[in-house]
Amino acid sequence: MTKLFPLPLFLLPGGRAKLRIFEPRYLRLVRECSANQEGFVLAMMQGKRLYKYGTLVDIVDFETLPDGLLGITIAGRQRVEIQSTDQEADKLWVGDIRALNDWPHDEYLDDDQADDKAHIAAGLKHVFAAHPEHAEQYEAAPFDDLTWSCQRWLEILPLSNAQKQWFIAQESAEEAKQFISQLLEEEVE
């Protein structure tokens, strides 16, 4: 079974985030995942229930924080469906998961799609400039990749958990692209 880490954090493939680890069960998760060179699933919760979809993440860096706690940096690897869950004696969640296909990346775009891509990328660059804490997660942000840009928008927009679950379940970034394009058009008007 795969280890699950329930957090109110939404991360998609290609996304990065920093976490503070202090609970013994999550220190064990980090220790075991690092020792076995395996990832864990970042899962969202509704009350005491885990949502159906999450993201398999890898630990890509760690540090001792100024307060002495363990800090880790995670990177989203793959969207997953959580098919069953259980809790171990220390209350660490584990589950059976099914990997979902990656969202296709834009190979060829018509003129309208190219305009959407440019608009979405420009908006995201503006957000990253205004909020450097997002930008500092990425050495070279591939803004020219429409799928990557849509995924970063979904991570930072104030969406409900139900909306985030709906987007993560989609087979491509198309719905996200349309949604973000509409939001950006409304912002300009």
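Residues numbered from 1 in each chain as written. Predicted model: local features only at pLDDT ≥ 70, side-chain atom pairs only at ≥ 80, totals over all residues. Heavy atoms only, no water.

The name given to the protein chain in an unreviewed UniProt entry is ATP-dependent protease, with the source organism recorded as Salinivibrio kushneri.

(A) Local environment of the overall build of the protein chain. Regarding its fold elements, the protein chain presents six helices and six strands. Put simply, the protein chain runs from its N terminus to its C terminus through helices and strands in the order β-β-α-β-β-β-β-α-α-α-α-α. Over its C-alpha trace the protein chain gives a radius of gyration of 17 Å, about what one expects of a compact globule, namely 16 Å for 189 residues. The dimensions of the protein chain, computed from C-alpha atoms along their principal axes, are 55 × 35 × 30 Å. Counting the 189 residues in the protein chain, one finds 43% classified as buried. (Helix = DSSP H or I, 4+ residues; strand = E, 2+ residues; numbered from the N terminus. Rg over C-alpha atoms; globule rule 2.2 N^0.38 Å. Buried < 20%, exposed > 50% of the residue type's maximum accessible area, 1.4 Å probe, protein only.)

(B) Layout of the side chain of Arg79. Within the element layout of this structure, Arg79 appears in strand β5 (residues 70-87). Buried charge without a salt bridge: Arg79, with Asp102 as the nearest opposite-charge side chain at an N-O distance of 5.9 Å. Of the polar contacts made by the side chain of Arg79, one reaches the backbone oxygen of Ile168; its length is 2.4 Å. Apart from the residues within four sequence positions on either side, Arg79 is in contact with Leu12, Pro13, Gly54, Thr55, Arg98, Ala99, Leu100, Asn101, Trp103, Ile168, Ala169 and Gln170. (Lys, Arg positive; Asp, Glu negative; His and termini not counted. Salt bridge = Lys/Arg side-chain N within 4 Å of Asp/Glu carboxyl O. Polar contact = N/O pair within 3.5 Å; in protein donor to acceptor, adjacent residues only side chain to side chain. Contact = heavy atoms within 4.5 Å.)

(C) Representation of empty space enclosed by the protein. Enumeration according to the criterion identifies one cavity of 30 Å³ or more in this entry. Every residue along the wall of the largest cavity is listed here: Leu9, Phe10, Leu11, Leu42, Met44, Tyr53, Gly54, Thr55, Gln165 and Ile168. Those elements that place two or more of their residues in the lining of the largest cavity are β3 (40-46), β4 (49-64) and α5 (161-169). Considering every element that reaches the lining of the largest cavity, the biggest residue donor is β4, with three residues. (1 Å grid on protein atoms, 1.4 Å probe; cavity = no way out; pocket = protein on both sides within 12 Å on 5 of 7 lines; lining within 4 Å. Points joined across faces, edges and corners; volume = space filled by probe spheres on them.)

(D) A look at the layout of surface pockets. Of the pockets and cavities examined, the largest pocket occupies roughly 280 Å³. Along the walls of the largest pocket sit 16 residues, with Leu9, Arg16, Ala17, His134 and Ile156 positioned nearest its centre. Looking at the lining of the largest pocket, the elements with two or more residues in it are β2 (16-21), α3 (132-135) and α4 (146-156). Sort the elements by how many residues they give to the lining of the largest pocket and β2 lands first, with four residues. In terms of residue class, the lining of the largest pocket is made up of nine nonpolar, two polar and five charged. (Nonpolar A, V, L, I, M, F, W, Y, C, P; charged D, E, K, R; others polar.)

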